[in-house]
Amino acid sequence: MQAFPTPLVSAEYLLQYHQYVKIIDGSWYLPVQNRNAEEEYKSGHIPGAIRFNIEKVIDTTSNVPFTIPTQEQFEKAVSELGISNDDNIVVYDGLHVFSAGRTYFLFKYFGHKNVSCLDGGLPAWKRAEGPLSQEVPQIVPTVYKANPQANLVSSLQQVLQNISNLKEGKQGDEILDARAKARFLGDAPEPEPIPSGHMPYSKSLPYSDLLNPDGTFKPEDQIKEILTKLNIEQGKNIICTCGYGISANVIILALEKIGFQNYSLFDGSWTEYARQENVEILKGE
């Protein structure tokens, strides 16, 4: 097997090397998408794939949806799935990289060395004529040890401080928002009962802009051009945000694809920010 590629692998790569990797089905859908990830897994998944539900692997003590679990919570969940620290992991979902990106980031945050997303997700696997299975793999529990990378996450307090610094003319981080442009502008509602709009100094980069029509990532030169138009330079610190801390990981995958490493995820994202009293919510451009 060749050196394990990250952050993305092609369906053709997975077809050739699937026996050497641990495959994870990280599918999850918004209610408006009207799809059931568990039923879809049962009806047909990539052979050997293990189900990983991002809605369950969370910090159960937090009132913010999808909060990153504690180290102990993650270790327990991953150990029960039979995943080892030295596994080469490929994550996919039934859409493209929507929830797979979140699963990828969780493993990245907790220090897993070799983890990638299937570029284009299950649809790409099907286009490559990859087989599907209804067989649920037998799991042998492991003892997984996590090593959290604190620099990969920005807290609400850090985001508010960053905005304050920029207001005062000080150096600050870029903020990229992966939500649909209409939500960023305040023209479309949020899934949660909170106002839409955006944070001061944030820039709109809908995650769909980074993908081809077939759900695979655009070429590196096109991703770089998108970032250049937003005045995002390599070496700048970039805070990635969205609604729940899910689609922002598509931006993170794109950044990694072109070699940008100075990023963090605002885990609480817009849902946590917009719930706060006395925060500034901007509408329009």
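Here, every reference points to the structure presented above.
Okay, so let's go over this structure. Note that the coordinates shown come from a computational prediction; the quantities given were computed from them, not determined experimentally.

## Digging into the overall build of the protein
From N to C terminus, the protein includes ten helices and ten strands. In summary, the protein has a C-alpha radius of gyration of 18 Å against a globular reference of 19 Å for 285 residues, a match within 12%. Projected onto its principal axes, the C-alpha positions of the protein cover 55 × 40 × 35 Å. A buried classification covers 54% of the 285 residues belonging to the protein.

## Some details on the sheet that holds strand 1 (residues 8–9)
Spatially, the five strands line up as an open sheet ordered 1-5-4-2-3, and their pairing is parallel. Of all the strands in the sheet, just strand 1 and strand 3 (50–51) have a single pairing partner and so form its edges. The pairing of strand 2 (residues 22–25) with strand 3 spans two bridges and is parallel. Bridge assignment links Asp-25 to a residue of strand 3, and that residue is Arg-51. Contacts from helix 4 (residues 98–109) reach strand 2, strand 4 (89–92) and strand 5 (115–118) within the one sheet, and its direction differs from that of strand 5 by about 175 degrees.

## Comments concerning the packing of helix 4 against helix 9 (residues 248–257)
Helix packing for two helices is described by the angle between their axes and how far apart those axes are. In the contact formed by helix 4 and helix 9, the axes pass within 8 Å of each other and the chain directions differ by 70 degrees. It follows from the interaxial angle that helix 4 and helix 9 lie roughly perpendicular. The element helix 4 and its partner helix 9 pack so that their crossing is left-handed. Mapping the contact onto sequence places Phe-98, Gly-101, Arg-102, Tyr-104, Phe-105 and Lys-108 in helix 4 and Asn-249, Val-250, Ile-252, Leu-253 and Glu-256 in helix 9.

The rules behind the values
Residues numbered from 1 in each chain as written. Predicted model: local features only at pLDDT ≥ 70, side-chain atom pairs only at ≥ 80, totals over all residues. Heavy atoms only, no water. Helix = DSSP H or I, 4+ residues; strand = E, 2+ residues; numbered from the N terminus. Rg over C-alpha atoms; globule rule 2.2 N^0.38 Å. Buried < 20%, exposed > 50% of the residue type's maximum accessible area, 1.4 Å probe, protein only. Pairing = 2+ DSSP bridges. Contact = heavy atoms within 4.5 Å. Axes fitted to C-alpha atoms, helices over the stretch in contact; angles between N-to-C directions. Parallel < 35°, antiparallel > 145°, perpendicular 65-115°, else oblique. Left-handed = near helix turned anticlockwise from the far one by under 90°.

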